[in-house]
Amino acid sequence: MHLIDEALRVADEAAAGGSHGADASTFHPILSLLTRKKNFEQGWRVMEIMKAKNIARDVTCYNFFLTSYSVTGDLRSSVDVLKKMADEGLKADARSYDALVLGACKVGKMDGAMAILRRMLEDGVEAMYSTYAHVIGSLVRLDYYAQGMKFVMSYGGKDRKLDSHNFGFLANRLIAMKKVDEVKYVLEEMMKRELDMDENLQTYYNQNVK
């Protein structure tokens with residue numbers, strides 16, 4: 001219902017103690033709404049309220065800010081969020097990295113986006129499918145078709161389901177860009193690797209490649 005003040009009063013009552021109690025998850029819906037509405041000033045005030053009530057801020061709290069800053073391409077603010085997380089001894093999780101990759105893609109820093117993804121995997125954090133999709137989609141949008149294929153190939157062969165997603169996502173983006181030769185190459189590679197195709201790709205393959 002977007003009734004932020006009323007939600008804060010309920011959270012404040014819960015934080016007061018008693019049988020109800022409160023933790024970071026109590027404030028998640030509030031932070032989620034505020035950051036999605038780009039009301040960062042009030043969002044940080046909520047974080048201060050949590051601190052004043054000795055409620056530990058978790059990674060999810062900070063991820064709300066990271067994601068919203070990244071959507072707008074505000075990398076400087078994202079770095080500030082990472083510093084705040086480090087000060088509280090919090091480590092970035094898959095969604096944190098996903099937001100950082102998205103932010104780099106939004107401003108066209110593709111080398112940086114791919115470096116973040118590599119760092120993520122090196123740190124033992126499994127990337128979400130959307131993280132790969134951010135990179136693939138941005139490479140295609142920037143007309144870096146060969147680099148997109150190289151990127152997908154570089155992560156191929158380890159997880160068949162992930163491969164089906166990445167190759168399929170690339171093919172669908174190329175279809176949208178009307179890059180016929182590039183699409184054929186990707187679909188032929190999918191057939192060679194025996195990867196699953198969605199209905200759209202299967203139809204395209206039957207009509208234009210097979």
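Residues numbered from 1 in each chain as written. Predicted model: local features only at pLDDT ≥ 70, side-chain atom pairs only at ≥ 80, totals over all residues. Heavy atoms only, no water.

Naming follows an unreviewed UniProt entry, where the protein chain appears as PROP1-like PPR domain-containing protein of Deinandra increscens subsp. villosa.

Chemist: Sorry, what's going on with the packing of helix α9 (residues 145-154) against helix α10 (residues 160-176) here?
Modeler: Pairs of packed helices are described in terms of their axes, by the angle between the two and the distance that separates them. Between α9 and α10, the least distance of the axes is 9 Å, while the angle of their chain directions is 165 degrees. The angle between α9 and α10 places the two elements in the roughly antiparallel class. Here the hand of the crossing between α9 and α10 comes out left-handed. Here Tyr145, Gly148, Met149, Val152 and Met153 of α9 come into contact with α10, specifically with Asn166, Phe167, Leu170 and Leu174. Here the contact of α9 with α10 is composed, by residue class, of 7 nonpolar, 2 polar and no charged. (Axes fitted to C-alpha atoms, helices over the stretch in contact; angles between N-to-C directions. Helix = DSSP H or I, 4+ residues; strand = E, 2+ residues; numbered from the N terminus. Parallel < 35°, antiparallel > 145°, perpendicular 65-115°, else oblique. Left-handed = near helix turned anticlockwise from the far one by under 90°. Contact = heavy atoms within 4.5 Å. Nonpolar A, V, L, I, M, F, W, Y, C, P; charged D, E, K, R; others polar.)

Chemist: So what exactly am I meant to see when it comes to the packing of helix α4 (residues 59-71) against helix α5 (residues 75-87) here?
Modeler: Between α4 and α5, whose axes approach to 9 Å, the crossing angle comes to 170 degrees. One way to sum up the angle between α4 and α5 is to call them roughly antiparallel. The residues of α5 that touch α4, namely those facing Val59, Tyr62, Phe65, Leu66, Tyr69 and Ser70, are Ser77, Ser78, Val81, Leu82, Lys84 and Met85. Its residues assigned to classes, the contact of α4 with α5 shows 8 nonpolar, 3 polar and 1 charged.

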